Amino acid sequence: MEEKVLTRHFGVPDLLRIEVYRGQGGYQAAEKALKQMTPAEVLEEVKKASLRGRGGAGFPAGVKWSFVPQNIPKPRYLCVNADEGEPGTFKDRYLLTHNPHLLLEGTILASYAVGIRAAFVYIRGEYETVARRLEGAIAEAYKVGFLGEKIMGTEFNLDVVVHRGAGAYVCGEETALLESLEGKRGYPRLKPPFPASVGLFQCPTVINNVETLSNIPFIIQNGAEWFLKRGLPKDGGTRIFGVSGMVKRPGIYELPLGTKLRAIIFDQAGGMKDGKRLKAVIPGGMSAPILTEEEIDLPMDFDSLVSAGTMLGSAAIIVIDQETSILDVLGVVSRFYAHESCGQCTPCRIGTSWINKIVKRMVRGEGEADDIDSIIRLATNIKGRTLCPLGDAAAMPILSICQKFRRELEGYLRHA
Amino acid sequence: MSPEYSAALRKKIDEVASLYPKKRAALLPVLHLVQQEVGFIAAAEEHFVAAALGLKPIKVREVVTFYTMFLRRPIGKYHLQVCSNLSCSLLGAGSLLDHLQRKLGIGVGETTADGRFTLSEVECLGACEQAPCLMVNFDYQGQMDKDKIDRLLESLE
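All chains use their own residue numbering, which begins from 1 and follows the written sequence. Chains and ligands are labelled sequentially in the order written, the chains with letters from A and the ligands with numbers from 1. Where local features are concerned, this predicted model is filtered to residues with pLDDT of at least 70; where side-chain atom pairs are given and counted, the filter is 80 or more; whole-chain, interface and lining totals use all residues.

1. Observations concerning the overall build of chain A
Consideration 1: For helices the rule is a DSSP run of H or I covering at least 4 residues; for strands it is a run of E covering at least 2, with both sets numbered from the N terminus onward. Counting secondary structure elements, chain A contains 17 helices and 9 strands.
Consideration 2: Just to be clear, the radius of gyration here is over C-alpha atoms, and the globule rule we use is 2.2 Å times residues to the power 0.38. In summary, chain A has a C-alpha radius of gyration of 22 Å against a globular reference of 22 Å for 416 residues, a match within 12%.
Consideration 3: Overall, chain A is about 75 × 45 × 35 Å in size when its C-alpha atoms are taken along their principal axes.
Consideration 4: Within chain A, the proportion of its 416 residues that are buried is 56%.
Consideration 5: Partitioning the contacts of chain A with sequence separation of at least 6, the portion at a separation of at least 24 is 70%. Partly exposed residues are those falling between the two cut-offs: more than 12 but fewer than 20 other C-beta atoms within 10 Å of their own, whereas 20 or more means buried and 12 or fewer means exposed, with C-beta atoms placed from the backbone. Two residues qualify as being in contact provided that their C-beta atoms, derived from the backbone, are within 7 Å of each other.

2. Re the pairing of strand β1 (residues 78-83) of chain B
Consideration 1: Pairing between strands is defined by DSSP: at least two bridges between the two strands are required. Bridge count between β1 of chain B and strand β2 (residues 117-122) of chain B: 6 bridges; the pairing is parallel. Looking at the pairing, Tyr78 of chain B lines up with Phe117 of chain B of β2 of chain B.

3. Looking at the sheet that holds strand β6 (residues 251-256) of chain A
Residues and elements named next belong to chain A.
Consideration 1: Here 5 strands make up an open sheet; going across it, the order is β6-β5-β9-β7-β8 and the pairing mixed. Each edge of the open sheet carries a strand with a single partner, namely β6 and β8 (291-292).
Consideration 2: Bridge analysis of strand β5 (residues 238-245) against strand β9 (residues 316-321) gives 4 bridges, and the strand direction is parallel. Bridge pairing links Gly245 to Val319 in β9.

4. A closer look at the domain arrangement of chain A
Residue and element names in this part refer to chain A.
Consideration 1: As assigned here, chain A comprises domain 1 (18-229), domain 2 (238-321) and domain 3 (326-410).
Consideration 2: The straight-line distance from the C-alpha centre of domain 2 to that of domain 3 is 23 Å.
Consideration 3: Each partner contributes to the interface: domain 2 provides 8 residues, whereas domain 3 provides 9 residues.
Consideration 4: Taken together, the residues of the side of domain 2 that touches domain 3 break down into 6 nonpolar, 2 polar and no charged. Throughout the structure description, domain borders are defined by an automatic or database domain assignment. Any residue that is not Ala, Val, Leu, Ile, Met, Phe, Trp, Tyr, Cys, Pro, Asp, Glu, Lys or Arg is counted as polar, Gly included; the first ten are nonpolar and the last four charged.

5. Some details on the packing of helix α3 (residues 39-48) of chain A against helix α6 (residues 100-114) of chain A
Residue and element names in this part refer to chain A.
Consideration 1: For helices, the fitted line uses only the C-alpha atoms of the stretch in contact; every axis is such a line through C-alpha atoms, and the angle between N-to-C directions lies from 0 to 180 degrees. In contact at an axis separation of 7 Å, α3 and α6 are set at 115° when each is read in the N-to-C sense. Crossing hand, α3 versus α6: left-handed. Touching Pro39, Val42, Leu43 and Val46 of α3 are Leu109, Tyr112 and Ala113, all from α6.
Consideration 2: Taken together, the residues of the contact of α3 with α6 break down into 7 nonpolar, no polar and no charged. Two helices cross in a left-handed way if the nearer one is turned anticlockwise from the farther one by less than a right angle. They cross in a right-handed way if the turn is clockwise.

6. Some remarks on the interface of chain A and chain B
Consideration 1: In this complex, chain A contributes 45 residues to the contact, which on the side of chain B involves 32 residues.
Consideration 2: A per-element tally of the side of chain A that touches chain B places helix α13 (residues 326-340) of chain A first, with 6 residues.
Consideration 3: The residue makeup of the side of chain A that touches chain B, split by class, is 17 nonpolar, 17 polar and 11 charged.

7. As for the sheet that holds β2 of chain B
Residue and element names in this part refer to chain B.
Consideration 1: Taken in spatial order, the 4 strands make up an open sheet running β2-β1-β3-β4, and their pairing is mixed. Either end of the sheet is taken by a strand with one partner, and the two such strands are β2 and β4 (139-141). Pairwise comparison of adjacent strand axes, ignoring direction, gives a mean angle of 25° for this sheet.
Consideration 2: With respect to the sheet, helix α6 (residues 93-104) is in contact with β1 and β2, its orientation differing from that of β1 by roughly 150°.

8. Things to note about the pairing of β6 of chain A
All names here are of chain A.
Consideration 1: Most of β6 is tucked away: 5 of the 6 residues are buried.
Consideration 2: Bridge count for β5 against β6 is 6 bridges, and the pairing is antiparallel. Paired with Phe241 across the strands is Tyr253, a residue of β6.
Consideration 3: Connecting the antiparallel pair β5 and β6 is a turn made up of 5 residues.

9. Focus: the confidence of the model for chain B
Consideration 1: In this model, chain B carries an average pLDDT of 96, and 98% of its residues clear a pLDDT of 70 or more.
Consideration 2: If you check the scores for this complex, the pTM reads 0.97 and the ipTM reads 0.97. By definition, pLDDT measures how confident the predictor is in each residue, and it falls between 0 and 100.

10. As for helix α9 (residues 210-222) of chain A
Residues and elements named next belong to chain A.
Consideration 1: Counting buried positions along α9 yields 11 of 13 residues, so the element is predominantly enclosed.
Consideration 2: Of all the residues in α9, the buried ones are Val210, Glu211, Thr212, Leu213, Ser214, Asn215, Ile216, Pro217, Phe218, Ile219 and Ile220.
Consideration 3: Residue Gly223 follows α9 closely and has a positive phi angle near 90°.

Next up, the structure:
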């Protein structure tokens, strides 16, 4: 049946304490890697496990690591992306709150594989309490020699620093995160060069999401084969789905990749709250194009969702009921991106705020006949014309709402 | 420089700066520290931080004005930050905001005359399973309704 991996030990009291984590087998993978495996072997195992990034883009973690050049005389860095700003997403908060040592062990393993000596955990500013818990775990790890100099008696050294953001969605984008970590505005960089070659302080840098790194100890401890069996042949492992909105039991559900969306909503999350009827679902965080009720018999994995014209993203499922007006949904979506656009690229800066103005006008009952087409034109003009994916992230859900719910939206126009 | 900053703060700033290969990288953490002590980051604080990290004050201003969590003027003792993103809106964030505005007699972005409460509307706080949610300073409060808000306000002296 459904076997949990990442959340398996969540019920264990005091799991955030290092001795309790060790009592559950914690840090055995790190010890195995540092004492019995070469960095290349660790990297190879993660590659074989087909672990795709859990932050949103789904890029294979092992492949990302292998892009880091080993032959240039510069330090290499690891940035743990704990910015978790995608609306609907809260899984990393659970991982960090319940099991911070799992992330630290994954951080040790990734750093060992890539030859990294310093790691920074970029955590969103609002997670202040969570950041303090993580700092407590880091202090414990230093104390027993699992971080710092000569880790576990080997020649491997690693320092980990927690770095709090300060409220900017765009900083979840990896190059904006780097700028922010360097003490600047979170303005995304032009790519290439990619962070693997020119990243933090102009040095080769790996950026991985919290959930991605939290999977590494299990891959090293149990092997890539074991990990692949818990997911799909091309997508190893489980996924932590976050369900919120109009459901009976909102929360996180760790399930194999490929679990049906309908089953997650109705079996896991208990179905619709207060007997309401389902209208639409956002399957992968707010940036993911919306799905109608007829479209939710879908396996939740990267490729199936792309085939359905949407994306798995951060696996954050937001459930919308029939009584909610789609115009109100569009209002929240367009306001959010207008607020969070960093302002660097004109199509995104101007486009998101124009769209927001038009939608606000529609909400006031003053929508004009061509407003929906104007929104579609503006969103289309953003798509693919910005430095970073925030532009696409704004355009995609807005376009999908306008296309799939056009008739309802037309009903809100002045001369409808 | 008019304000006095504590020796503990100065020491902490040096400690944090030493964690990074380049001092400037400590800017966000240092601003958090200063805001924690002073309550906000005005021009004097920008100059203080700039001097501590060897930056031009404009570089600090650029950052302070980019990030929503840095406050440029004093706010109330309790900062009520109500999420109105999608999951919270679906479950009634709008009526909670209305209730808070009526109850406190202030609008969004304002502070009560007694200096106790500042009310803000914010984007997703990353606690959607607890929708509708809000933050009181750094403390998360979930599954809010009007009764819970009333009790919460009474408990905050």
